[in-house]
Amino acid sequence: MYATSYHRASSVDEAVNLRSSHDEGRYLSGGMTLIATMKQRLAAPSDLIDLRHIAALKGITVDGHTVRIGGATPHADVASSAAVRAVCPAICELAAMIGDPHVRHMGTIGGSIANNDPAADYPAAMLALAATIITDRREIPAEEFFTGLFETALEEGELVTAVSFEAPEKAGYAKFRNPASRYAITGVFVAKAAGGVRVAVTGAGSNGVFRAETIEAALAADWSPESPKAASIDPADLMSDMHASAEYRANLVRVMAKRAVIAAG
Amino acid sequence: MGMEGIGARVARKEDKRFLTGKGRYTDDMVVPGMKFAAFVRSPHAHAKINGIDIEAARAMPGVIDVLEGRQLQADGIGNLICGWMIHSKDGTPMKMGAWRPLAIDIVRYVGDAVAIVVADSAGEARDAAEAVVVDYEELPAVTSAVAALQPGAPQIHPEAPGNLIFDWQIGDPAATDAAIAQAAHVTEIEILNNRLSPNPMEPRATLGIYDAAEDHFTCYTTSQNPHVARLVMSAFYNVAPENKLRVIAPDVGGGFGSKIYIYPEEIVCLWASKKTGVPVKWTSDRTEAFLTDAHGRDHVSKVKMAFDKDHRIIGLKVDTIANLGAYMSLFSSAVPTYLYATLLSGQYDIPAIHANVRTVYTTTVPVDAYRGAGRPEATYLLERTMEVAARELGLSPAELRRKNFIRSFPHQTPVIMNYDAGDYDASLNAALAAADWDGFAARRAEAESRGMKRGIGMSCYIEACGIAPSQAVGSLGAGVGLWESAEVRVNAVGTIEVLTGSHSHGQGHETTFAQLIADRLGVPIASVNIVHGDTDKVQMGMGTYGSRSGAVGMSAIVKALDKVEMKAKKIAAHLMEADESDIVIENGDVKVAGTDKSLPWFQVALAAYTAHNLPSGMEPGLKETAFYDPSNFTFPAGCYIAEVEIDPETGKTEIVQFVAADDFGNIINPLIVEGQVHGGLAQGIGQALLEEVRYDEQNGQLLTASYMDYAMPRADDLPSFTLSHQNTPCPGNPLGIKGCGEAGAIGSPPALINAITDAIGINHLHMPATPLKVWSALQDGQMRQAAE
């Protein structure tokens, strides 16, 4: 790791000000990717501005069917939230599947989606739930937030303060883990809401998280675990690496969609 | 046996310090004035060095010095060597290329060390290492042994034309060919044994300390054999004469073979300490460990197994190409030869065997012994072949094996080994019963009803442990003898120190060895200390690898104990005015048999040291040394059965049961033996399902340089193991021990691949059986079926 300066922000304003005064600074919201990358000397931020101690960024509120999760809320809190589980158990299940207990107590939802690792779990949920990403300066629909591999619509210094979404009628998540990293080789989040069926896929797309329209259409016609089976998924749009070929990932998209529907009930 | 004697399930004495974080590892060592090293390493697999510019690095904050290979060579430090001479079948000696501790003109793998930076902190050393400018001229890379043998492949060492190190054979080629020619059936198969990274929990580390006043060096290092390290660094690398070099291997967090060898870093840090005048510590990070720790396995083999009409094996022909990487590591030549091809008879009576082995340089990290070392390669090859043969012949896997088992001992194989004892039917029967093999068909049908593919497979392994009779290995090319030494030191108050040349890096010697003393003398293990890992404390030793510490290390302790006991009896007889032959030692007392005369153990010890009343002419003291040289290898054997379920939608394999039935000879501590088997199974299952070192074939970059891409087994990858023992005592050593450290890693891979290929109905599948590979095999099978 290269030398860096650590700052513990106590408010959103302080964090944003610190960030704007350090050109080479980075927000730290759990650091489950950033710290590991720094230890490998692949990232060298001059300053780290820690968001995990800002009270306003932490916590979960459920108002009717509207769920709001603070950006610095760790995965373990989401996994164990009875209020969320009552309206959208799928997001609790997803949070409980991220990494290991250490990661779930350090990593945060804001950190995860701002990093937008193409194999992270939360982006699939945000996209399938048509969530809104709330920042220190605006609200961004998930559809517009995730723009590519490790790319988001966030501007320089913009900070995710919370996410919010309407709990759907049904939702489920299934993922197939990379045998080495245990990240998703393919993870599929399905949601059935008043507005229709949305299916989002992480881990597989060559441009990051994406909606699988063919599976959405199949499930909209017939909400059944067997529906995704015949959906066409083009391997040309998928990643290929030593752990999974694009063809294998295309198969996994259909299989995980089936299992997500089963999980959704 | 007593509560703490031989055979007792005693919890490990050493675990309190390990589990409470009080272990003292090399990186925990802090000495006054200590500085930190970072190595400048090649980013290329193969390149010419046109120049090294260290000026900018030297000017960096905290930097004490930057040193390079030419200076090291000028100071007379020698090249690294392979200590086991192998001759090709044409009689020429193996062609060893120069391995300089710091490369001077050519780098030959990604991670090859080029220079060392010594600085006030590890971070400053790293920053400065990045500022060293090396002018590389890239040369073509070649990562697979088969490719390296092709005409026109990049030439890696001038000493080894065509990258061929040796072309060696064992057995009788004519008799084997004749057997194949007259066979009723020949099974042919190609076997790949995947390349593995050893991954001990503690990465390598070293601390070199030079004392100018005494002209003396101390080397703390993560070693499985500190005396061997001292010997090699003195005799071959010219670091310092043995009396001026102390090597200490304190607590070591696992080795699995990778810490047998002397690496460039130990040599360079010792030399750098003298050059800079400060103690120099280097600790590997995990990426460096992937890049520079010696890898294991990496064989490609073609096999022909010939059967007569009664399904008896009449001949076995093996042609193996082994990748030794960029340089010949310390024991690399022995692994694919005498530790491999000598085990190709397995548990079977095979009249004719011929194995040809070519070893090859590639632009990859050196390959050497890794848990099992040659024996897993032999077992995998044989047991995969037996499985395929059974399917071709229409026999059950157990029946084909039973038809060919060796049943009379001693048994001389056609490939050097002379098996002393065993009962292969016993382990096979126990494993079949434990696995409920006969009930498998019903379990498979039930799995099918859930859409799962269930398979079952077995492996009957044998290995050679207790390495090794010195004269025998000497005649085969070993540069060292493989005896062990021990000193049993009874203190004046009766407590005992045992100094052993074995080295514990997870094996639990501090408990097991103490149990032997407790068994013999009736003292509690709390009053016994095991001393190891320091060349200044322990007389001499050959270290721990090849499951040798029980069979060889403890045998040396037995010999020393015999001498101690004899002297103690003499003293006790004198004190109690009895005949020496009537003295017995029981429950911590020294007694005159058949009388009520008795002395507590400590009084006999005290008498030895007060020397007020010793038999006439006897020297004071109670301390004896012994060296033990084994008369033969030992031959642990067993039968493993794996049962798996494969999810055809994803290709993922779940191990639903795993049965291990082992013959380890006599067992000192069943708890520790079970732990050794569990650990070995985890690594064998890792090889079969998960682990594989992958290099980019074009540019030689290591693709699996972190746990993001190199898949280690985790708890949820493993089932609960069902273990049993069918022990036949080893006749070759005083305790009847065979060894248990490697069996799990040796026996398990073929059992798993046999089970998986059984489940998917395909004979050929190479390790690791990842979900991608199994799913792809299923797709290919479906396509083949559709085409037919």
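Residues numbered from 1 in each chain as written. Chains lettered and ligands numbered in written order. Predicted model: local features only at pLDDT ≥ 70, side-chain atom pairs only at ≥ 80, totals over all residues.

## A few points about the overall build of chain A
Then, in step 1: Broken down by element type, chain A carries eleven helices and 14 strands.
Then, in step 2: Taken over the C-alpha atoms alone, chain A extends approximately 55 × 45 × 30 Å along its principal axes.
Then, in step 3: Going through the 265 residues of chain A one by one, you find that 51% of them count as buried. (Helix = DSSP H or I, 4+ residues; strand = E, 2+ residues; numbered from the N terminus. Buried ≥ 20, exposed ≤ 12 C-beta atoms within 10 Å, placed from the backbone.)

## As for the nonpolar core
The tendency in soluble globular proteins is for nonpolar side chains to be buried side by side.
Then, in step 1: Membership of the largest hydrophobic core comes to 333 residues, with the highest contact counts inside it found for V188(A), F189(A), V190(A), A260(A), A37(B), A115(B) and V117(B).
Then, in step 2: With near-sequence residues (within four places) excluded, V188(A) lies in contact with A124(A), A174(A), V199(A), V201(A), V253(A), M256(A), A257(A) and A260(A). (Core = buried A, V, L, I, M, F, W, Y, C linked by C-beta atoms within 7 Å. Contact = placed C-beta atoms within 7 Å.)

## Remarks on the domain arrangement of chain B
Residue and element names in this part refer to chain B.
Then, in step 1: The domain architecture assigned to chain B consists of domain 1 (31-139 + 201-254 + 259-292), domain 2 (299-467 + 632-787) and domain 3 (483-628).
Then, in step 2: Placing the centre of domain 1 and that of domain 2 at their C-alpha centroids yields a distance of 36 Å.
Then, in step 3: Across the contact, 24 residues belong to domain 1 and 25 residues belong to domain 2.
Then, in step 4: Of the residues assigned to the side of domain 1 that touches domain 2, the class counts are 15 nonpolar, six polar and three charged. (Domains from an automatic or database assignment. Nonpolar A, V, L, I, M, F, W, Y, C, P; charged D, E, K, R; others polar.)

## What about the domain arrangement of chain A?
Then, in step 1: By the assigned domains, chain A splits into domain 1 (5-49), domain 2 (56-166) and domain 3 (170-264).
Then, in step 2: If you average the C-alpha positions of domain 1 of chain A and of domain 3 of chain A, the two centres end up 33 Å apart.

## Focus on the interface of chain A and chain B
Then, in step 1: Listed as interface residues are 13 residues of chain A and, on the opposing side, 16 residues of chain B.
Then, in step 2: No other element matches the three residues that helix α11 (residues 246-264) of chain A contributes to the side of chain A that touches chain B.
Then, in step 3: Classifying every residue of the side of chain A that touches chain B by side-chain character gives nine nonpolar, four polar and no charged.

## Notes on the packing of helix α18 (residues 670-690) of chain B against helix α19 (residues 743-760) of chain B
Residues and elements named next belong to chain B.
Then, in step 1: Packing of α18 against α19 leaves a shortest axis separation of 7 Å and a crossing angle of 40 degrees. With respect to their mutual orientation, α18 and α19 come out oblique. Relative to α19, the crossing made by α18 is right-handed. Facing V677, G679, G680, L681, Q683, G684, I685, Q687, A688 and L689 of α18, the residues of α19 in contact are A743, G744, A745, G747, S748, P749, L752 and I753.
Then, in step 2: By residue class, the composition of the contact of α18 with α19 is ten nonpolar, eight polar and no charged. (Axes fitted to C-alpha atoms, helices over the stretch in contact; angles between N-to-C directions. Parallel < 35°, antiparallel > 145°, perpendicular 65-115°, else oblique. Left-handed = near helix turned anticlockwise from the far one by under 90°.)

## Regarding the sheet that holds strand β4 (residues 106-107) of chain B
Note: strands within a sheet are paired through backbone hydrogen bonds, in either parallel or antiparallel orientation.
All names here are of chain B.
Then, in step 1: In spatial order, the strands read β4-β2-β6; together these three strands make up an open sheet with antiparallel pairing. The sheet is open, and its two borders are formed by β4 and β6 (133-138), each paired with just one other strand.
Then, in step 2: When strand β2 (residues 47-53) meets β6, the two strands line up antiparallel, connected through six bridges. When the bridges of β6 are listed, A47 appears paired with E138. (Pairing = 2+ DSSP bridges.)

## Looking at the environment of E399(B)
Residues and elements named next belong to chain B.
Then, in step 1: Locating E399 in the fold gives a position in helix α11 (residues 397-404).
Then, in step 2: Since 13 C-beta atoms lie within 10 Å of it, E399 is described here as partly exposed.
Then, in step 3: Measuring from C-alpha to C-alpha, the distance between E399 and I571 comes to 60 Å, with 172 residues separating the pair along the chain.

## Considering the pairing of strand β15 (residues 353-361) of chain B
Two faces, one strand: in a regular strand the side chains alternate between the faces of the sheet.
Residues and elements named next belong to chain B.
Then, in step 1: Buried residues dominate β15, accounting for eight of its nine residues.
Then, in step 2: Where strand β7 (residues 164-171) meets β15, seven bridges bridge the pair, whose relative direction is antiparallel. For Q169, the partnering residue across the bridge sits in β15 and is N356.
Then, in step 3: Inspection of the sheet shows strand β14 (residues 313-325) paired to β15 by nine bridges, in the parallel sense. Paired with I321 across the two strands is R358, which belongs to β15.

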